[in-house]
Amino acid sequence: MATLSVSRAPLGGFSFENCKRNAVLEADSAKLGSSVPAARKTGTTICGIVFKDGIVLGADTRATEGMIVADKNCSKIHYISPNIYCCGAGTAADTEMTTQIISSNLELHGLSTGRLPRVATANRMLKQMLFRYQGYIGAALVLGGVDCMGPHLYSIYPHGSTDKLPYVTMGSGSLAAMAVFEDRYKPDMELEEAKRLVRDAIAGGIFNDLGSGSNIDLCVITKGNVDYIRPHDEANKKGVRVNELETLCQTGDYKYKKGTTGVLTKVITPLNLDTVGEHVQTMDTS
Amino acid sequence: MISAQSFGENGKMKDYHHTGPVEYRFSPYTFNGGTVLAVAGEDFAIVASDTRLSEGYSIHSRDSPKCYKLTDTTVIGCSGFHGDCLTLTKIIDARLKMYKHSNNKMMTSGAIAAMLSTILYGRRFFPYYVYNIIGGLDEHGKGAVYSFDPVGSYQRDTYKAGGSASAMLQPLLDNQIGFKNMTGVEHVPLSKDKAVQLVKDVFISAAERDVYTGDALQILGIFVDTNEIPRLQFLCIYQADHWQEVSLPGGGLDDCAFTFSLRIKINVGSIFLLVIWIHVQ
């Protein structure tokens with residue numbers, strides 16, 4: 001009779017079985033001379049405030065790889081549910097995947113309860129997941145939304161602790177943004193004042209922190225309505241080369257003529273295909 | 001609050017209180033960022049630098065240029081650790097004075113480069129953390145660029161980028177000035193205006209992608225004017241973020257030596273005042 005090996009039921013608590021494997025992999029790759037690919041961090045400024053009618057979330061749009069800008073216009077305000085949005089700082093992949101996992105779990109939960117999800121539920125799900133991974137998931141989040149009990153704002157740290165506060169900032173530019181908040185925050189602000197305050201806080205992070213930059217995204221959540229403003233403010237436009245403003249002959253022209261790259265051999269194979277449809281998507285050359 | 005320093009070595013967030021002994025080391029160096037670029041033409045040289053001084057994720061100053069004038073024909077650009085940049089330029093200035101007094105002539109660009117190499121190697125075992133690029137006119141009036149590493153290895157180049165965004169700028173310069181990786185292109189000698197335009201464009205690209213480079217661009221030009229006198233011209237401070245080109249007009253010799261001559265005038269004035277005061281008393 002063939003012996004079937006049945007895997008044991010998973011024991012409770014933490015499982016560190018992959019740590020040994022990871023250590024071996026790291027040692028092997030070091031022997032070969034290569035290093036484990038470093039995760040891209042966002043090096044960010046994110047913030048949120050509670051105002052009279054709801055929540056305003058704000059974020060910058062720069063993603064860095066070390067000290068080089070990897071993405072000049074990335075989106076850091078993630079969708080969780082129709083009434084809840086979450087800004088993410090820290091490792092870009094971690095914030096993206098964590099918010100997507102909790103978003104899909106919340107949708108299933110909402111179908112099961114038949115109600116719009118509450119911010120406290122999203123908070124509880126996020127903190128329980130992050131604590132389970134003991135800080136190895138480098139996601140620092142600002143979670144905000146409006147539910148049946150009113151507007152709520154939470155900050156969630158990678159180890160799994162959370163704070164429920166009227167105004168929060170996270171990321172490498174959090175100190176600059178918090179300085180602006182501590183100066184001008186007051187409870188029950190109007191919408192325009194709240195948007196201006198969040199915009200100024202993110203701008204403080206963008207101009208004084210090297211890890212943050214580019215534009216300012218805003219997300220205004222009120223009862224029954226979400227206003228996702230991207231970009232709210234293009235704080236940094238790319239330098240305009242002088243020859244675009246005035247006609248200067250033969251300076252600043254970086255177009256290459258045909259034939260600049262030498263062609264060594266040329267083989268043409270005709271493919272007989274029929275054109276079914278045509279769609280043009282312009283490349284983002286900004 | 002999350003900051004870059006709170007990520008530990010193994011990728012996990014560092015705890016607020018460490019368990020067990022932690023070794024803290026004092027590092028004599030820090031990296032203050034900045035990018036420097038020099039281009040040599042047939043009868044001119046251009047040295048440019050950004051003006052941002054940073055440390056970690058913060059900015060110390062938005063107005064700290066990295067080009068220093070050495071003589072009427074030579075400019076040095078220093079980036080890296082700002083403390084060593086300042087000390088090194090002071091040492092070079094002192095050595096220039098000593099040479100002038102004992103040899104009764106100004107040092108040529110080549111001589112300054114050779115001297116800098118020995119100064120840097122003298123600190124081989126506690127180096128100056130500075131990436132230097134010297135730009136100027138040689139004794140024949142041709143443009144010269146000398147690029148260094150922190151311990152004094154140097155060579156003469158036509159163009160060189162140094163500092164934090166050097167890896168981004170150098171390939172672009174190789175292509176546009178050295179005509180590398182292009183076939184069938186006419187090798188036009190570089191004119192002064194085209195060189196200045198190229199330097200501005202190249203710094204725009206560097207500022208987009210390198211966090212340490214930005215705020216403003218300072219360009220210094222060294223060329224021979226119509227009277228066959230080599231002079232140094234402060235071409236412009238180009239503020240990329242605010243789109244204000246603050247351009248200083250190229251006047252006579254007064255413009256290029258403006259800082260030095262002003263200082264002398266003030267000193268003379270104050271001495272006169274002192275003399276008058278004592279007399280009256």
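Residues numbered from 1 in each chain as written. Chains lettered and ligands numbered in written order. Predicted model: local features only at pLDDT ≥ 70, side-chain atom pairs only at ≥ 80, totals over all residues. Heavy atoms only, no water.

As recorded in an unreviewed UniProt entry, chain B goes by the name Proteasome subunit beta, listed as coming from Gadus morhua. The record in UniProt for chain B states the following under Function (unreviewed entry): "Component of the proteasome, a multicatalytic proteinase complex which is characterized by its ability to cleave peptides with Arg, Phe, Tyr, Leu, and Glu adjacent to the leaving group at neutral or slightly basic pH. The proteasome has an ATP-dependent proteolytic activity." Quoted verbatim from the Subunit (unreviewed entry) heading of the UniProt record, the comment on chain B is "Component of the proteasome complex." (UniProt positions renumbered as here; feature names shortened; annotations may be inferred.)

The name that an unreviewed UniProt entry assigns to chain A is Proteasome subunit beta, with the source organism given as Gadus morhua. For chain A, the Subunit (unreviewed entry) comment in UniProt is given as "Component of the proteasome complex." For chain A, the Catalytic activity (unreviewed entry) comment in UniProt is given as "Cleavage of peptide bonds with very broad specificity."

S.K.: Please set out unusual backbone geometry residue by residue, giving values where relevant.
M.R.: A cis amide bond, omega 0°, links Arg230(A) with the succeeding residue Pro231(A). For Pro231(A), the position within the fold is in strand E12 (residues 225–233). For Asp188(A), which is not a glycine, the phi torsion comes out positive at approximately 55°. Position of Asp188(A) relative to the elements: it lies in the loop between helix H4 (174–184) and helix H5 (191–208). One non-glycine residue, Phe179(B), lies in the positive phi region at around 55°. Looking at where Phe179(B) falls in the secondary structure, it is placed in the loop between helix H3 (166–176) and helix H4 (192–209). For Phe179(B), a relative accessible area of 18% gives the class buried. (Helix = DSSP H or I, 4+ residues; strand = E, 2+ residues; numbered from the N terminus. Buried < 20%, exposed > 50% of the residue type's maximum accessible area, 1.4 Å probe, protein only.)

S.K.: So what about the packing of helix H1 (residues 82–103) of chain B against helix H2 (residues 109–122) of chain B? Which residues, and what values?
M.R.: All names here are of chain B. Look at H1 against H2: their axes get within 11 Å of each other, and the N-to-C directions meet at 125°. Between H1 and H2, the interaxial angle falls into the category oblique. As for the relative orientation of H1 and H2, their crossing is right-handed in sense. Only Ile 112, Met 115, Leu 116, Ile 119 and Leu 120 of H2 make contact with H1, whose side of the interface consists of Leu 88, Ile 91, Ile 92, Arg 95 and Leu 96. Residue classes in the contact of H1 with H2 are distributed as nine nonpolar, no polar and one charged. (Axes fitted to C-alpha atoms, helices over the stretch in contact; angles between N-to-C directions. Parallel < 35°, antiparallel > 145°, perpendicular 65-115°, else oblique. Left-handed = near helix turned anticlockwise from the far one by under 90°. Contact = heavy atoms within 4.5 Å. Nonpolar A, V, L, I, M, F, W, Y, C, P; charged D, E, K, R; others polar.)

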